[in-house]
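Observations on chain architecture
Each chain, written out:
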Amino acid sequence: MDVKYINPFIMAAQSVFRTMLGIEVTLSKPVIKTNRTTSGEVTGIMGLVGDRKGTITISFQDKGALFIYKTLIGDESSAINSDVVDAIGELTNIISGQARKEFEKAGINLKAAIPMVIVGKEIELNFITTLPIVQLPFNFSVGNGTQEVMFLDFSFE
Amino acid sequence: MKVLVVDDFATMRKIIKNVLKQINIENVLEAENGKHALTVLGGDTVDLIISDWIMPEMTGIEFLKACKNDDNIKKIPFIMVTAEAQKDNIMEAIKSGVDNYIVKPFTPEKLREAIDKAKAKVGK
């Protein structure tokens, strides 16, 4: 996959975490996703159409999702509930919106669909494409020296 | 300062409230669309309006026009929030009298800056 299709997603994730959450994320080595399941336990999904088309998913383990909820909304939750799900959906929306802005700079205009959120571990999730699915693992600190990961998976053509 | 946050999505209202809290603004009223916001403004006074763009029943632009055509509320600084830096939308908002706009994602500092500029524009 052309690197010009990867960088907008990296820049979007880093920018949104920095501005909306006040958190710096560190990108680990991108990999090609080979399994057909969700990468975390709370997964936001967004379809993109326009000059190109693709799908992105943003996935957190429970602890990461709860930390994101607390940081984004200012409330605490001890379990994944509808408020946490909505917050991850909105984060998916904002990250995809930022990625679209980055693509626009390269002359690629995209529109977003409505985000969806799946809750559950290793839920079967199939990208219906022959193209590779790129996984970008972003590490972030949730305090007390603990690290969590946001997996941003996408297929884009 | 009392702020009216208008967005059809409750989560986004909570996010904006959380950002406002970080710049020490905690007196916040909420409305889920322009029509609801006009009802709120009919019964309460606010110092600032922060509104989403796309909402059912009455969009942000329609709400903006309604505010700027009403002598009782047209001096309230009005900021529009958008997820996309769509130039056409922004131009329409500027023509309709918006006092400032902010593009998501934004930091508390950016919001503070947007508020100060909007207030200055209406002479507050």
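These lines cover the structure that appears in this document, whether it is placed above or below. Just so you know, these numbers come straight off a predicted model, no measurement behind them.

Scanning chain A from N- to C-terminus turns up three helices and eight strands. Counting helices and strands in the order they occur from the N terminus, chain A gives α-β-β-β-β-α-α-β-β-β-β. Once the C-alpha set of chain A is aligned to its principal axes, its extents read approximately 40 × 30 × 30 Å. Per-residue burial for chain A yields a buried fraction of 51% across its 157 residues. Roughly 7,200 Å² of accessible area belongs to chain A as shown, and the carbon and sulfur atoms make up 50% of that amount. Counting 14 positive and 17 negative side-chain charges, chain A places the averaged centre of each group 7 Å from the other.

Chain A puts 17 residues into the contact, and the matching count from chain B is 15 residues. Roughly 1,400 Å² is buried in total at the junction of chain A and chain B, and carbon and sulfur atoms are behind 59% of that figure. When the area that chain A buries against chain B is broken down by residue, the three leading residues are A:Met20, A:Ile73 and A:Glu90, summing to 34%. Applying the counting criterion to the chain A and chain B interface returns two salt bridges. Note that A:Glu90 is salt-bridged to B:Lys104, the shortest N-O span being 3.6 Å. The interface formed by chain A and chain B holds two residue pairs in polar contact (both at pLDDT 80 or more) in total. Looking at the side of chain A that touches chain B, the elements with two or more residues in it are α1 (7-21), α2 (62-73) and α3 (82-105) of chain A. The biggest single contributor to the side of chain A that touches chain B is α3(A), with nine residues. Along the lines of polarity and charge, the residues of the side of chain A that touches chain B split into six nonpolar, five polar and six charged.

Moving on to the packing of aromatic side chains. All names here are of chain A. According to the stated counting rule, one finds nine aromatic pairs over all chains in the structure shown. A ring pair is formed by Phe9 and Phe156, whose centres lie 5.8 Å apart and whose planes are at 80°; its orientation type is edge-to-face. Of this pair, Phe9 sits in helix α1 while Phe156 is found in strand β8 (residues 147-156), placing the two residues 147 residues apart along the sequence. On the basis of relative accessibility, which here comes to 0%, the residue Phe9 falls in the buried class.

Helices that pack against each other are described as a pair by the angle of their axes relative to one another and the distance between those axes. Residues and elements named next belong to chain A. Remark: α1 packs on α3, axes separated minimally by 8 Å, with the N-to-C direction vectors making an angle of 130°. Of the possible angle classes, the one that applies to α1 and α3 is oblique. Pair α1 / α3 crosses with right-handed handedness. Between α1 and α3, the residues in contact are Pro8, Phe9, Met11, Ala12, Ala13, Ser15, Val16, Phe17, Met20 and Leu21 and Leu91, Ile94, Ile95, Gln98, Ala99, Glu102 and Phe103, respectively. Looking at the contact of α1 with α3 residue by residue, the classes come out as 14 nonpolar, two polar and one charged.

On to the side chain of B:Thr82. Residue and element names in this part refer to chain B. The topology assignment puts Thr82 in strand β4 (residues 78-82). Its relative accessible area of 7% is what places Thr82 among the buried residues. Not counting residues within four places of it along the chain, the set of residues in contact with Thr82 comprises Trp53, Ile102, Val103 and Lys104.

A separate point is the packing of α2(A) against α3(A). All names here are of chain A. The geometry of α2 relative to α3 is characterised by a closest axis approach of 9 Å and an angle of 80° between their N-to-C directions. Taken together, the axes of α2 and α3 are roughly perpendicular relative to one another. Note on element contacts: α3 touches α2 through Asp83, Val84, Ala87, Ile88 and Leu91, opposite Ala65, Leu66, Ile68, Tyr69, Leu72 and Ile73. Residues belonging to the contact of α2 with α3 are distributed by class as follows: 10 nonpolar, no polar and one charged.

Once that is clear, we can look at the sheet that holds strand β1 (residues 2-6) of chain B. All names here are of chain B. On the basis of which strands lie adjacent, the open sheet formed by five strands has the order β2-β1-β3-β4-β5 and parallel pairing. Looking along the sheet, the strands with just one partner apiece sit at the ends: β2 (27-31) and β5 (100-103). When strand polarity is set aside, the average angle formed by the axes of neighbouring strands in this sheet is 20°. Where β1 and β2 come together, five bridges link them in parallel fashion.

This part takes up the environment of A:Ser155. All names here are of chain A. Mapping Ser155 onto the fold places it in strand β8. C-alpha of Ser155 to C-alpha of Lys53: the two residues are 102 residues apart in sequence and 8.5 Å apart in space. Ignoring anything within four residues of it in the chain, the contact list for Ser155 reads Lys53, Gly54, Thr55, Phe127, Thr129, Leu131, Pro132 and Ile133.

Definitions and limits used
- Residues numbered from 1 in each chain as written.
- Chains lettered and ligands numbered in written order.
- Predicted model: local features only at pLDDT ≥ 70, side-chain atom pairs only at ≥ 80, totals over all residues.
- Heavy atoms only, no water.
- Helix = DSSP H or I, 4+ residues; strand = E, 2+ residues; numbered from the N terminus.
- Buried < 20%, exposed > 50% of the residue type's maximum accessible area, 1.4 Å probe, protein only.
- Areas by Shrake-Rupley, 256 points an atom, 1.4 Å probe, with all protein chains shown as cover.
- Lys, Arg positive; Asp, Glu negative; His and termini not counted.
- Charge placed at Lys NZ, Arg CZ, Asp CG, Glu CD.
- Contact = heavy atoms within 4.5 Å.
- Buried area = accessible area lost by both parts, 1.4 Å probe.
- Salt bridge = Lys/Arg side-chain N within 4 Å of Asp/Glu carboxyl O.
- Polar contact = N/O pair within 3.5 Å; in protein donor to acceptor, adjacent residues only side chain to side chain.
- Nonpolar A, V, L, I, M, F, W, Y, C, P; charged D, E, K, R; others polar.
- Phe/Tyr/Trp six-rings, centres within 6.5 Å; stacked < 30°, edge-to-face > 60°.
- Axes fitted to C-alpha atoms, helices over the stretch in contact; angles between N-to-C directions.
- Parallel < 35°, antiparallel > 145°, perpendicular 65-115°, else oblique.
- Left-handed = near helix turned anticlockwise from the far one by under 90°.
- Pairing = 2+ DSSP bridges.

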